[in-house]
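Architecture at a glance
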Number of protein chains: 2
Amino acid sequence: MYNKFCKKQLWECSKELVAVAMGRIPAETVIKNAKLINVCTKEIMENTDVAIHSSRIALVGDASHCIGEGTTVINAHGMYIAPGMLDGHIHIESSMLSAGEYARSVIPHGTTGIYYDPHEICNVMGTDGVDLMIKDAERTPLKAMLTYPSCVPAVPGFEDSGSVVTSQDIREQMKRDEVVGLGEMMNFPGIHFGADETHAITGETLKAQKIITGHYSIPDTGMGLNAYIASGARCCHESTRMEDALQKMRLGMYAMLREGSAWHDLVEVSRAVTQNKVDSRFAVMVSDDTHPHTLLKDGHLDHIVRKAISFGIDPIEAIQMVTINCAQCFSMDNELGSITPGKCADIIFVDSLENFNVKKVIIDGDLVAENGKMICELPSFEYPEKAMNTMHVGEAITPETFKIKTDKKDKATVRVIEIIPAKVGDYERHITLDVKNGYIEADVQKDVLKAFVFERHHNTGTHGVGFVKGFNIKCGAMASTVAHDAHNLLVVGTNDEDMALAANTLIKCGGGMCAVCNGEVLGCVDLPLAGLMNVGTAEEVSAKVEGLDKAWKAIGCDIVSPFMTMALIPLACLPELRLTNRGLVDCMTFSFVDLEVE
Amino acid sequence: MYNKFCKKQLWECSKELVAVAMGRIPAETVIKNAKLINVCTKEIMENTDVAIHSSRIALVGDASHCIGEGTTVINAHGMYIAPGMLDGHIHIESSMLSAGEYARSVIPHGTTGIYYDPHEICNVMGTDGVDLMIKDAERTPLKAMLTYPSCVPAVPGFEDSGSVVTSQDIREQMKRDEVVGLGEMMNFPGIHFGADETHAITGETLKAQKIITGHYSIPDTGMGLNAYIASGARCCHESTRMEDALQKMRLGMYAMLREGSAWHDLVEVSRAVTQNKVDSRFAVMVSDDTHPHTLLKDGHLDHIVRKAISFGIDPIEAIQMVTINCAQCFSMDNELGSITPGKCADIIFVDSLENFNVKKVIIDGDLVAENGKMICELPSFEYPEKAMNTMHVGEAITPETFKIKTDKKDKATVRVIEIIPAKVGDYERHITLDVKNGYIEADVQKDVLKAFVFERHHNTGTHGVGFVKGFNIKCGAMASTVAHDAHNLLVVGTNDEDMALAANTLIKCGGGMCAVCNGEVLGCVDLPLAGLMNVGTAEEVSAKVEGLDKAWKAIGCDIVSPFMTMALIPLACLPELRLTNRGLVDCMTFSFVDLEVE
């Protein structure tokens, strides 16, 4: 499919490209003397030039005759060049950065295109939020290609999100050039059980000739996976075992091998290719969720390519997995993913196949980054007041709010969500707690904390009440408006006063994540943009996240990525027990359950 | 892109497919115990089942749970199964068969889809002819996917064809679901020199998000090839040297390796893959032009796969080149080209990778051919009178017509087209001939024959006059209405009486090819459908072609495929000298030239 994210459509400039290739007019830019990483034939081509004009590639080979008056010549001095890298599945919101700042952070690492699913902001603000993200990204050279969120809210009927996406919405959205596909179809139960609305959502995408991106996270690689793929899902980033990824490729699904900040799947899933020696054209590498400090410290797809090579994947094959394979997955290999005539001139310079350090980045023919830094000015973008003011909690939150009333006298047995560090699942536990003055108490000794989820989108004044176990904090409380997928206000704590402080701290700063103790805010990452993102620079946001990390440790928690784990407490599509603003959800039977066990 | 040639669109049956895969409803058909040739991962998968429903594949793996009441179980007994084969570039007209009969001939050989360019019938009858071909093909299970002719006439201004295709026509045609792309863009000079109309034709195709199929037949693999690809051409079947094919693949163009009845390129171009060990995803194998006796004697793509294997291409790789690679070239791998869930159930059974004999063919879930024979009934199709009556020669042709007047007395020096056996090019020769009674004579001793091209579409009564050399016939004459690309009436002969007989024989039978001698018709293949095809069976047409071959030999010609070579005499886009109904064309300067040299 053609790509509205290219600066100029091919039919608008084919005559100019031909004239450049034939030597009749000089190219705007010529790269001389490069080692071309040819992802089409899986070869290195020495001493290769590239002629660029009208934002596209006019010629690859000997471009001496394309140089004339006004041509910018970039001598590669034998450095490697590769196609700009494409991330086939990411959520910008996970970086806590605005779309523009995200682009500024990843472009110097060689990322020239992303396929992003803005389902976090869509849950909060609906299409308005998605449109803002589009506009913010448009001021950057990054090709930010949208897969429209498919599952908003994640579990209809069990939570209140800021918005709802229906199959009618999908039909409308698919008409837009900005929308290249459907965001991860997480509702595989809906697919499996033949839910009309779920199949209507995938059906509208297919009718529009766009791509359904998948999310199939269970280990059944037999009938369940077959059924899911048969519905039209073209790719899936949810493989955690070698056999998941291998079976997806065998069934003609693009296996998106993931290496995010918190999810380190690549070491295992890369074995699908290294161990089995299969044709790897159906393998793609993606980041899914990346935190700002990962972007600053390690990089983006360059980091993932380095990891892949260290895990034994052939270097050119690894590069194919973030270029041509991804472009073919999205049926855009006519525009992106290779350094060949007619394609967008998205080209990166790399020092060596071993180190894979990105030295220069060209997008649409313009040199935009060099030595790890953007070198072009980006216009500023102002998010409207509405987007910076999404905390609409319909009740005053005080310490009183957190009292949990019971009819029991001394003891009450309650359902407790026990988290599993570094995993997405949890367990339902039944634990007996003390009752004082008619209220159930948290128990720090047993590591059982109170948890509250407040609806924050429509001032409904509803909240859900539960207990959680596994964070091991000894004092204080923490709160977050990054609380998947409805992103209501989640508060977890050891005492009511700190819980109220944590909640009100976030209400005041427009959302974010914080840790408090004994009446003091120890760390806070303010995320006023939809309660999900900060409009500061990556460096600023990363510093705040680091501060919060320290605050967490100070109150006693030492699990990996605690905020990631905490953010999943309300995600009612994951087993076993979850807490939304409507209450406790048994995620095995999909029914509400009482806090107290009889 | 989705494919209107599939029986049921995926969004119409995704729920049924899922229900079958999950075991809730029984599959219509289950193939048990096959060796699956997995073209996605390039593996053989033993003991594999395939569940089929609603014309598509529901599940691949263990399909025991998909068998229930009403399920047809086909036990493969360990036989190989592969995706139905796709021919990425063919002209049905070359087979001299109607589209329906062509389908009947190739399906039993495992061909389930073709990308055809009906530019012969389009030159004669325009869109009406194309539409008839579509209708005729539709009565068969073959997915006959149309690439709309781009160059009609081949060389505007130098000949009179039956119709003209403009960029406006292309814009309209690209709106049709039947049209999946643009037929071979032969006008690479137009591309190279930036002709507005040529770029408008490719541009309209790109705007419609459809595929431009290419035709780049010159040995310049540098600037010329780059320029051509930069205009958007996605594939090209005109490689005759290893380096042509290799360079196309390196430049991101699908190299369509050709093995037709007359063009045996594969032995050479397959070295691009076997010798260079490159990633072969950009290699596709096609037939381009196949005669009826080749289809009967050797087969179609099965024959080409066997050849490829004999030339050292890995068998699974060879099968990829006629399945998934071709589907990816046309951006239809979401529908065709692999045996994976959701795809059309186009599946062939093959005895072994060595012999590659196709034993069963399933299209859209129906068993349509077995042991080399179609086993389903095809509805008949009647071509309208108009299509069977396309000889509109505006003059009575008599022996007098062939007299070539001159002012010279005894001798005249004329331009002569010298053919090159088994090549598409020719030479311009200047030869002195006898003049008798004011008329220039043919000279059988020197092998210089008269050649006439009569306009036959619009009764204009125009004809062009020339001489040819190289056929070596000793007596008689031959004529053909297969005369690229305008398909006027071409007559070549040793004497005026036989030339008139040959011409009138074809006018009488509605077009075709014949050889006559001493007032007797020695052989004739009548091609009344547009003067290009016969509506009989492949067996009948093949027998007639065999008779004509004998007739040719009887009058002294022993070159290979003489009719193919003769048919190129009017094709004014090939060097050096050609003859159209408007006269002799110097194809180096693109200008008309006189018969006599001063």
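In short, a report on the structure. Everything quoted here is computed from the prediction, not taken from an experiment.

1. Points about the packing of aromatic side chains
Aromatic ring pairs are reported here in terms of the distance separating the ring centres and the angle at which the planes meet. Applying the stated rule across the entire model yields 24 aromatic pairs over all chains. Ring geometry for Phe402(A) versus Phe452(A): centroids 4.8 Å apart, planes at 70 degrees, classification edge-to-face. Here Phe452(A) lies in strand β21 (residues 448-454) and Phe402(A) lies in the loop between β17 (373-374) and β18 (411-419), a separation of 50 residues in the sequence. Here Phe402(A) and Phe452(A) have matching classes, each one buried. Considering the side-chain rings of Tyr115(B) and Phe330(B), the 3.6 Å spacing of their centres and the 0 degrees angle between planes classify their relative orientation as stacked. Pair noted here: Tyr115(B) is in strand β7 (residues 111-116) and Phe330(B) is in the loop between α14 (324-329) and β14 (347-350), with a separation of 215 residues, a long-range link. Comparing Tyr115(B) with Phe330(B) shows no difference in burial state: the two are buried. An aromatic cluster of at least three residues, connected via ring pairs, comprises Phe158(A), Phe590(A) and Phe592(A).

2. Considering the sheet that holds strand β28 (residues 583-586) of chain B
Residues and elements named next belong to chain B. If you trace the three strands from one edge of the open sheet to the other, you get β27-β28-β29, paired in antiparallel fashion. Strand pairing shows two members of the sheet lacking a second neighbour, β27 (577-580) and β29 (591-593), which therefore form its edges. Averaged over all adjacent pairs, the angle separating strand axes in this sheet is 45 degrees, with direction ignored. The pairing of β27 with β28 spans four bridges and is antiparallel. Paired with Thr 580 across the strands is Gly 583, a residue of β28.

3. Some thoughts on the interface of chain B and chain A
Of the residues lining the interface, 61 residues belong to chain B; the matching set on chain A comes to 61 residues. Roughly 5,300 Å² of surface becomes buried between chain B and chain A when both sides are summed, with 58% attributable to carbon and sulfur atoms. By the criterion of area lost to chain A, the three top residues of chain B are Trp11(B), Arg250(B) and Arg281(B), representing 12% of everything that side buries. Applying the counting criterion to the chain B and chain A interface returns six salt bridges. Across the pair Arg250(A) and Glu43(B) runs a salt bridge, and its minimum N-O distance is 2.8 Å. At the surface where chain B touches chain A, the tally comes to 22 residue pairs in polar contact (both at pLDDT 80 or more).

4. Focus: the side chain of Thr48(A)
All names here are of chain A. Within the element layout of this structure, Thr 48 appears in strand β2 (residues 43-53). Residue classification places Thr 48 among the buried positions, given a relative accessible area of 4%. Looking at Thr 48, its side chain comes within polar contact range of the main-chain oxygen of Glu 46, at 3.1 Å.

5. Concerning the sheet that holds strand β22 (residues 463-469) of chain A
All names here are of chain A. An order of β20-β19-β18-β22-β21-β24-β23-β25-β26 is seen for the nine strands of this open sheet, with the pairing classed as mixed. Each edge of the sheet is formed by a strand with only one pairing partner; in this case those strands are β20 (439-440) and β26 (520-526). With seven bridges joining them, β21 and β22 adopt antiparallel strand pairing. Across the sheet, the residue bridging to Val 448 is Lys 469, located in β22. Its contacts with the sheet put helix α15 (residues 496-509) on β21, β23 (477-480), β24 (489-493), β25 (512-517) and β26, and the angle it makes with β25 is roughly 150 degrees. Packed on one face of the sheet, helix α16 (residues 538-554) meets β23, β25 and β26 and runs near 145 degrees to β26.

Parameters at a glance
- Residues numbered from 1 in each chain as written.
- Chains lettered and ligands numbered in written order.
- Predicted model: local features only at pLDDT ≥ 70, side-chain atom pairs only at ≥ 80, totals over all residues.
- Heavy atoms only, no water.
- Phe/Tyr/Trp six-rings, centres within 6.5 Å; stacked < 30°, edge-to-face > 60°.
- Helix = DSSP H or I, 4+ residues; strand = E, 2+ residues; numbered from the N terminus.
- Buried < 20%, exposed > 50% of the residue type's maximum accessible area, 1.4 Å probe, protein only.
- Pairing = 2+ DSSP bridges.
- Axes fitted to C-alpha atoms, helices over the stretch in contact; angles between N-to-C directions.
- Contact = heavy atoms within 4.5 Å.
- Buried area = accessible area lost by both parts, 1.4 Å probe.
- Salt bridge = Lys/Arg side-chain N within 4 Å of Asp/Glu carboxyl O.
- Polar contact = N/O pair within 3.5 Å; in protein donor to acceptor, adjacent residues only side chain to side chain.

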